[in-house]
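Per-entry structural report
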Amino acid sequence: MHSPATSASSAAHPLPSYLNPHELGPWGQYLQQVDRVTPYLGSLARWVETLKRPKRILVVDVPIEMDDGRIAHFEGYRVQHNLSRGPGKGGVRFHQDVTLSEVMALSAWMSVKNAAVNVPYGGAKGGIRVDPKKLSRGELERLTRRYTSEIGLLIGPSKDIPAPDVNTNGQVMAWMMDTYSMNTGATATGVVTGKPVDLGGSLGRVEATGRGVFTVGMEAAKLTGLAVQGARVAVQGFGNVGGTAGKLFADAGAKIVAVQDHTGSIHNAAGLDVAALLDHVGNTGGVGGFAGATAMDNGDFWGVDCDILIPAALEGQITKDNAGKIKAKMVIEGANGPTTPEADDILNDKGVLVLPDVIANAGGVTVSYFEWVQDFSSFFWTEDEINARLVRIMQEAFAGVWQVAQENKVSLRTATFIVACKRILHAREMRGLYP
Ligand code: GLU
């Protein structure tokens, strides 16, 4: 018998310093989540150390010529956390705060997410520490192409498939696909997902993450008796994920009462005009200055009167310092890692239902999987078919996780980790150690 506790095995196999679990930050947050699931893994706990070390980490220098003739260097990463269930899969983030710890955590959350919705992928993630808003279009293209070339030894349609994440989009994916294809000598549409529809992209991919957030929110509302009609919703981040989820909730009769992004926080207790707000964000780059709302202090956003809170920006937003203020009955994590483990406990103790990132935002990668399948078969599906398959996968995965949570009397996050980590470690065990 193997002890379910991890501390003994961690002591016997000390982690390399860059994997230090006492390190604060996203990777430390992920390791605490793994510790919480370990007692539920049964005999598979023998393999749990696998989850605490990314399989492969690549750090690359990305030099580009700036428009003014200077040579600038940026630091880029691609981390393959686990490949037991299939090729690596996960987005690429361009942000000034990107760190290795963050990309490691994001790659691990992809392993868990992909297993939770049972798409045949491992987990990977990439990023460059850069503020893309400060780059010209030409500089952004050169950065993307050089980064793609540098990580070219890891990626490929059957090896590791990047996708959009924070500050990357269909155009960036088109440049990545083209660079990989030119370097390998054949057009390989399946090397990235989230491409423009005219380049082998999938209908419904742009909205997929927000649609998944909405789908699990509706399922949880049904199970808990929360009426979505008239429910008050607060959203942090009004980009691809938060904007789509906000629109779908508004279409279902909810009121979007507060929105926060990097340009400020806005409030309207009567409900914002979501279509007008999406236009404003499209024109100005953020929610700040929107005429149909009053500005509110960023710190007050967390205490706003609402029924549903959707963090859809970055990790580490709901912390022990603001979790106590949250009035929502349900938190749906559109972002990856928005809630720290201490904040998770505070929310659980208050009876706030948290729909965790690793299931709630899995709609994006689910439609990425559909895109990859369509690229391989060169046969493209209708948007209705894509949305129907997406909703079915999300509903089934959520129902399974809900049942595991009830049976084990654990949070939905731990339940999702139980389902996903068992799948990953079962695959790991069946494949065995080789060489
Ligand atoms: N970046 C998205 C995520 O965090 C999508 C990843 C993908 O489609 O591979 O889930």
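Anything mentioned here points back to the structure above.
Let us look at the structure shown here. (Residues numbered from 1 in each chain as written. Predicted model: local features only at pLDDT ≥ 70, side-chain atom pairs only at ≥ 80, totals over all residues. Heavy atoms only, no water.)

Summing up its helical and strand segments, the protein chain has 13 helices and 13 strands in all. Its C-alpha radius of gyration of 21 Å places the protein chain within 12% of the 22 Å reference for a compact globule of 435 residues. Once the C-alpha set of the protein chain is aligned to its principal axes, its extents read approximately 60 × 60 × 40 Å. Contacts spanning at least 24 positions in sequence make up 69% of the contacts within the protein chain whose residues lie at least 6 apart. Summed over all atoms, the accessible surface of the protein chain reaches about 17,600 Å², with 53% contributed by carbon and sulfur. The positive charge centre, built from 41 side chains, and the negative charge centre, built from 44, are 6 Å apart in the protein chain. (Helix = DSSP H or I, 4+ residues; strand = E, 2+ residues; numbered from the N terminus. Rg over C-alpha atoms; globule rule 2.2 N^0.38 Å. Contact = heavy atoms within 4.5 Å. Areas by Shrake-Rupley, 256 points an atom, 1.4 Å probe, with all protein chains shown as cover. Lys, Arg positive; Asp, Glu negative; His and termini not counted. Charge placed at Lys NZ, Arg CZ, Asp CG, Glu CD.)

Let us now look at a positive patch on the surface. On the surface, a cluster of positive charge is contributed by Lys55, Arg56, Lys159 and Arg431. By the secondary structure assignment, Arg431 is in helix α13 (residues 412-431). (Patch = residues over 30% accessible without salt bridge, like charges linked within 9 Å, V, L, I, M, F, W, Y side chains within 5 Å. Salt bridge = Lys/Arg side-chain N within 4 Å of Asp/Glu carboxyl O.)

In terms of burial, strand β2 (residues 71-82) is a largely internal element, nine of the twelve residues being buried. In the sheet, strand β1 (residues 56-65) pairs with β2 via ten bridges, with the strands oriented antiparallel. Counterpart to Val60 in the pairing with β2 is Gly76. Counted between consecutive antiparallel strands, the loop separating β1 from β2 contains five residues, among which Gly69 sits at a positive phi close to 95°. In this sheet, strand β5 (residues 123-129) lies alongside β2 in antiparallel orientation, the contact comprising six bridges. Among the inter-strand pairings, Asn82 is bridged to a residue of β5, identified as Gly123. (Buried < 20%, exposed > 50% of the residue type's maximum accessible area, 1.4 Å probe, protein only. Pairing = 2+ DSSP bridges.)

A separate point is the sheet that holds strand β11 (residues 308-311). Pairing is mixed across the open sheet formed by seven strands, whose spatial order is β10-β9-β8-β7-β11-β12-β13. A single partner strand is all that each edge strand has here, and the edge strands are β10 (294-296) and β13 (353-355). Strand after strand, the sheet turns through a mean of 20° between neighbouring axes, direction not considered. Of the pairings in the sheet, the one linking strand β7 (residues 232-236) to strand β8 (residues 255-261) comprises five bridges and is parallel in character. Note that in β8 the partner of Gln236 across the bridge is Gln260. (Axes fitted to C-alpha atoms, helices over the stretch in contact; angles between N-to-C directions.)

Pairing in this open sheet of four strands is mixed, and the strands run β1-β2-β5-β4 from one edge to the other. Edge positions in the sheet fall to β1 and β4 (92-95), since each of these pairs with one other strand and no more. For this sheet the average axis-to-axis angle between neighbouring strands, irrespective of direction, equals 20°.

On to helix α12 (residues 383-408), then. Taking 1.5 Å per residue, 26 residues should reach 38 Å; α12 reaches 37 Å between its end C-alpha atoms and fits that length. Among all positions in α12, only Ile386, Asn387, Leu390, Met394, Ala397, Phe398, Val401, Trp402, Val404 and Ala405 are buried. Those residues of α12 that are buried lie in contact with α3 (100-116), α6 (205-224), β13, α10 (357-360), α11 (363-377) and α13. One or two residues past the end of α12 sits Lys409, with phi positive at roughly 55°. (Expected span 1.5 Å × (residues − 1).)

Let us now look at the site of the ligand. Taken together, the neighbourhood of the ligand is formed by 14 residues, with Lys89, Lys113, Pro164, Asp165 and Ser368 sitting nearest. Within the side chain of Lys89, a nitrogen or oxygen atom sits 2.8 Å from an oxygen atom of the ligand. Here the ligand has 300 Å² of accessible area as a free molecule, and 95% of this is covered by the chains. Mapped onto the shell around the ligand, the elements with two or more residues apiece are α3 and α11. No other element matches α11, which puts three residues into the shell around the ligand. Taken together, the residues that form the shell around the ligand break down as four nonpolar, five polar and five charged. (Near = heavy atom within 4 Å. Polar contact = N/O pair within 3.5 Å; in protein donor to acceptor, adjacent residues only side chain to side chain. Nonpolar A, V, L, I, M, F, W, Y, C, P; charged D, E, K, R; others polar.)

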